[in-house]
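Remarks on the overall topology
Next come the chains, spelled out residue by residue.
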Amino acid sequence: MWPFSNAYPEVRVSDIQDEYDYIIVGGGTAGCVLANRLSAIPRTTVLLVERGPLADSWASRVPLFSSDFASNGSRTQLRTTEHQPETGHSYELLNGSALGGSTRVNQMIYTRGLKAEYDMWKASGCPGWGWNDVKASFLKSEKCLDAGADSDVHGTLGVCFRLTLCCFVFTKVLVRTIDACEDIGLPKVDDVNSPTHPAIGCGLLHFTRDQNQHRHSTYRAFLPKDLALSRRQNLHIVTNAIVEKVQIEKHSDKLVARGIDLVSRSGKEMKSVAARKEIILCAGPFGSPHILMLSGVGPADHLKEHGIAVVKDLPAVGSNLEDHFGVSIAYRVPMAHSLVALEKRPWIFFIELFRYLFYGTGMLLAPVLQLAIFASTLLLDHQGLPQKGNANVLPDIEIMPMAYDSGNSTNFDKSTGVYSFLNVLLRPKSKGTVRLSSSDPNAALRIDPRYLSNPADWAPLRASLRLTLRIADGMRKHGYALDNMQVPQGEDDESLDNFIRRRNRTAYHYSSTCRMAPKEDASGGGGVVDPQLKVFGVEGLRVADSSVFTWVLGAHLQAPTVCVAERCAEMVVEERSMKE
Ligand SMILES: Cc1cc2nc3c(=O)[nH]c(=O)nc-3n(C[C@H](O)[C@H](O)[C@H](O)COP(=O)(O)OP(=O)(O)OC[C@H]3O[C@@H](n4cnc5c(N)ncnc54)[C@H](O)[C@@H]3O)c2cc1C
């Protein structure tokens, strides 16, 4: 007990050893999982390097305080893209920069994606990534806290990721939303994570919160203090240190990743560290391609433009950036039905603080999004109403009803409560790029998502907006008063397109910048990693994070990212046992 308890065992740059078996770059969502799994291998040393701090305060565990829009920015990094031609403005792309990465600031929603989506990855040339291959990896890391959870669907014994179904906050408006969905043929689904659930419908979401209703980031789940202390001899965790490049050596006709160069965030300490076995990049969808390019692995012309010696020409590094793009329709609702109340009525904040502290309920659980509506726009008529059709068709939109304005600004009129529907494109055809602006590792990246650049992305968004308007009609029919706040002027294509250009944002689901695909895959200029997550042409180097998704899944990405890390750990262990 304080003051006698041990602090979290962080290692300073000056104390890093010269050599480890495995070096994990980026202690984010995936990095924490891998550090846990690899350091469990007997007689194995692991170095985990994270750019951000530990930052483990009480507030960082309270779901609402730590969520993106309420965080003070110390744990998140803002990145502004170039102006997007289709919308005329730039975007702030947030991500977490602390041990646990984006799971320290995200909305904690846990969705795995559909069985069919993994089977499609596999069919595209990625053996080992079909649903039957990945299912066990999902279950392994889950400990579902819900009473009576189906153990065939959810892991209930896993020691790591705590999972719980949301408990309703703002009940009235959510129940009316579900009623309206059911009326028009979007059934309520009991568990959107069950592989047998209908792909189309609406359902409550699971969240990664622990039994104390604290945010359960991958840092808390996979590298809690007790575990980090018990493995301090063989697992060295370094925070506030930036990996600048991977040293890759040429041996006759082979390229081999030998080690990394890192520098402390203060810039005062530098270190080169060697890897006896492997280096695994887990620096996320921006960090991993950044490090590869600085190391001479990437599109040759682009590297030469910045004076970087080309070690391996891999055009797909930093290409194929995909993201879930969203358009928000907003309504005015009573103040008590919205999170706006916390900002405008200070006494409500204190009541909610009390509820959270003593009962573990209420608005501090961050009930921004509790319900998801999945639909296929192929099955919507011209008014946006669902029609009966092929039951196997996959949803291409997710409508996210939120107790806040999900538009592109926090600076909206807060004189009443706000309830909005973020219409998110789950299978975007537009692809962007992550490129260097300079060979200086500290220089900002040029991130260009090219939102809506593919004309095929407009029709599903228009259909989704029409569906949202029908859901709102239905809620009114059920007696729930929704006053228009930000709605399209009309339902013709032109009015909807104007609205799409004006009220849009990212859903923060960036992926595929180091995609796993066959090397010569025609679409997207080939892959960066093979199905074993190994970088093509460079031995001893893997990437395991959300950047390797073959394409962005129609899901929230933290659970699939944890699954990628679990699979990577399994592959490393398996390969090692074959060699020994
Ligand atoms: C605001 C927000 C809300 C979200 N909400 C949800 C949600 O509710 N549910 C959901 O499923 N998904 C959500 N997501 C998406 C999801 O959290 C991410 O897709 C996922 O966590 C990404 O994991 P990752 O391991 O790829 O990257 P990250 O978790 O971002 O980890 C990358 C880590 O690498 C570190 N790093 C980068 N470069 C370097 C370097 N050079 N040297 C050392 N370290 C480095 C970073 O600091 C970071 O900690 C959200 C994302 C955001 C940003």
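Residues numbered from 1 in each chain as written. Predicted model: local features only at pLDDT ≥ 70, side-chain atom pairs only at ≥ 80, totals over all residues. Heavy atoms only, no water.

Inclusion rule: UniProt positions are given in the numbering used here, feature names are shortened, and annotations may be inferred rather than shown by experiment.
As recorded in an unreviewed UniProt entry, the protein chain goes by pyranose dehydrogenase (acceptor) and comes from Hebeloma cylindrosporum. The heading Subunit (unreviewed entry) in the UniProt record of the protein chain holds the text "Monomer." Its UniProt record, at the heading Sequence similarities (unreviewed entry), says of the protein chain: "Belongs to the GMC oxidoreductase family."

What to know about the UniProt feature "binding site: FAD" (unreviewed entry) in the protein chain
To keep things clear, this is the line we draw: Elements are defined by DSSP. Helices are runs of H or I of four residues or more, strands are runs of E of two residues or more, and each kind is numbered from the N terminus.
Per the UniProt record, the feature "binding site: FAD" (unreviewed entry) sits at Val243. Checked against the element boundaries, Val243 lands in strand S12 (residues 241-251).

Observations regarding the environment of Leu47
Positionally, Leu47 belongs in strand S2 (residues 46-49). Sequence spacing of Leu47 and Tyr20 is 27 residues, and the spatial spacing of their C-alpha atoms is 6.4 Å.

Things to note about the UniProt feature "active site" (unreviewed entry) in the protein chain
What counts here: Should any heavy atoms of two residues lie within 4.5 Å, those residues are counted as being in contact.
UniProt's feature table lists "active site" (unreviewed entry) at His509 and His556, given in the numbering used throughout. The greatest C-alpha distance among the annotated residues, which extend across 48 residues, is 7.0 Å, indicating that they converge on a single site. Its location among the elements puts His509 in the loop between strand S24 (504-506) and strand S25 (541-543). Beyond its immediate stretch of four places on either side in the chain, His509 contacts Glu322, Asp323, His324, Val552, Ala555, His556 and Leu557. Considering the arrangement of structural elements, one finds His556 in the loop between S25 and helix H14 (558-579). Once residues within four sequence positions are removed from consideration, His556 is found in contact with Ile109, Thr111, Leu369, Glu398, Met400 and His509.

Brief notes about unusual backbone geometry
Our working rule: Burial status follows relative accessibility: with a 1.4 Å probe on protein chains alone, a residue under 20% of its type maximum counts as buried, one over 50% as exposed, and anything between as partly exposed.
Its identity as a non-glycine residue notwithstanding, Arg43 has a phi of 55 degrees, on the positive side. Inspection of the secondary structure puts Arg43 in the loop between helix H1 (29-39) and S2. Phi is positive for Ser512, which is not a glycine, with a value near 75 degrees. In this fold, Ser512 is placed in the loop between S24 and S25. The exposure class of Ser512 is buried, given its relative accessible area of 0%.

So, the domain arrangement of the protein chain
Formally: Each domain's extent was defined by an automatic or database domain assignment. Buried area, as used here, totals the accessible surface that two parts lose on assembly, with accessibility defined by a 1.4 Å probe and the loss added over both. When a carboxyl oxygen of Asp or Glu is within 4 Å of a side-chain nitrogen of Lys or Arg, the pair counts as a salt bridge. Polar contact criterion, stated in full: a pair of N or O atoms within 3.5 Å, where within protein one must be able to donate a hydrogen and the other to accept it, and residues adjacent in sequence count only if both atoms are side-chain atoms.
Taken domain by domain, the protein chain consists of domain 1 (1-162 + 209-319 + 508-580) and domain 2 (167-204 + 324-430 + 445-507). Computed from C-alpha atoms alone, the centre-to-centre distance between domain 1 and domain 2 is 29 Å. Counting residues at the interface gives 47 residues for domain 1, matched by 48 residues for domain 2. In this assembly, domain 1 packs against domain 2 so that about 3,800 Å² is buried in total across both faces, 63% of it on carbon and sulfur atoms. The three residues of domain 1 that bury the most area against domain 2 are Leu64, Glu86 and Leu114, which together make up 15% of that side's buried surface. At the boundary of domain 1 and domain 2, one finds one salt bridge. With a shortest N-O distance of 2.7 Å, Arg427 and Glu117 are connected by a salt bridge. Our count for the domain 1 to domain 2 interface comes out at 17 residue pairs in polar contact (both at pLDDT 80 or more). Of all the secondary-structure elements, those providing two or more residues to the side of domain 1 that touches domain 2 are helix H2 (63-66), strand S5 (109-110), helix H3 (115-123) and helix H8 (284-294).

Some remarks on the site of the ligand
The condition is simple: Near residues are defined by distance, with any heavy atom within 4 Å of the molecule or strand qualifying the residue. Residues were grouped as follows: Ala, Val, Leu, Ile, Met, Phe, Trp, Tyr, Cys and Pro as nonpolar; Asp, Glu, Lys and Arg as charged; and all remaining residues, including Gly, as polar.
Among the 36 residues in the neighbourhood of the ligand, the closest are listed as Thr29, Glu50, Ile109, Ser546 and Gln558. Measuring from a nitrogen atom of the ligand, one finds a backbone N or O atom of Ile109 at 2.8 Å. Looking at the shell around the ligand, the elements that each hand over two or more residues are H1, strand S4 (95-96), S12, H8 and H14. The leading source of residues in the shell around the ligand is H8, at four residues. Its residues assigned to classes, the shell around the ligand comprises 15 nonpolar, 17 polar and four charged.

A short note on a nonpolar patch on the surface
Stated formally: Patch rule: a residue counts if its relative accessible area is over 30% and it has no salt bridge; like charges are joined within 9 Å, and nonpolar side chains (Val, Leu, Ile, Met, Phe, Trp, Tyr) within 5 Å. Accessible areas in this description were obtained via Shrake-Rupley with a 1.4 Å probe; residue shielding takes into account the shown protein chains only.
A surface patch of nonpolar side chains, amounting to about 610 Å² of accessible area, comprises Trp58, Phe354, Leu357, Phe358 and Tyr359. Turning to its location among the elements, Trp58 is positioned in the loop between S2 and H2. When its relative accessible area of 38% is taken as the criterion, Trp58 is described as partly exposed.

Description of the nonpolar core
Stated precisely, the cut-off is as follows: Take the buried Ala, Val, Leu, Ile, Met, Phe, Trp, Tyr and Cys residues and link them wherever side-chain atoms come within 4.5 Å; each set so joined is a nonpolar core.
Ranked by internal contacts, the top residues of the largest apolar core, which has 184 residues, are Leu34, Leu38, Ile260, Ile279 and Ile471. Built from parts of two domains, this core gets at least three residues from each of domain 1 (1-162 + 209-319 + 508-580) and domain 2 (167-204 + 324-430 + 445-507). Look past the residues within four positions of Ile471 in its chain and what remains in contact with it is Thr177, Ala180, Cys181, Ile184, Ile373, Ile399 and Phe421.

Comments concerning the packing of helix H5 (residues 171-183) against helix H12 (residues 458-477)
What counts, and what does not: The convention used is that axes are lines fitted to C-alpha atoms, helices contributing only their stretch in contact, and that angles between N-to-C directions extend from 0 to 180 degrees. By the definition adopted for this analysis, an angle is roughly parallel if under 35 degrees, roughly antiparallel if over 145, roughly perpendicular if from 65 to 115, and oblique otherwise. Handedness of a crossing follows from how the near helix is turned relative to the far one, being left-handed for an anticlockwise turn of less than a right angle and right-handed for a clockwise one.
Contact pair H5 / H12: the axes reach a minimum separation of 8 Å and the direction vectors enclose 115 degrees. When the axis of H5 is compared with that of H12, the two are roughly perpendicular. At the point where H5 passes H12, the crossing takes the right-handed sense. For the pair formed by H5 and H12, the contact residues are Val173, Arg176, Thr177, Ala180 and Cys181 on the first element and Ile471, Gly474 and Met475 on the second.

A look at the side chain of Arg466
Checked against the element boundaries, Arg466 lands in helix H12. A distance of 3.0 Å separates a polar side-chain atom of Arg466 from the backbone oxygen of Glu491.

Comments concerning the environment of Val418
By the element assignment, Val418 lies in strand S20 (residues 417-425). According to the relative accessible area criterion, Val418 is buried, its value standing at 0%. In sequence terms Val418 and Gly554 are 136 residues apart; their C-alpha atoms lie 26 Å from each other.

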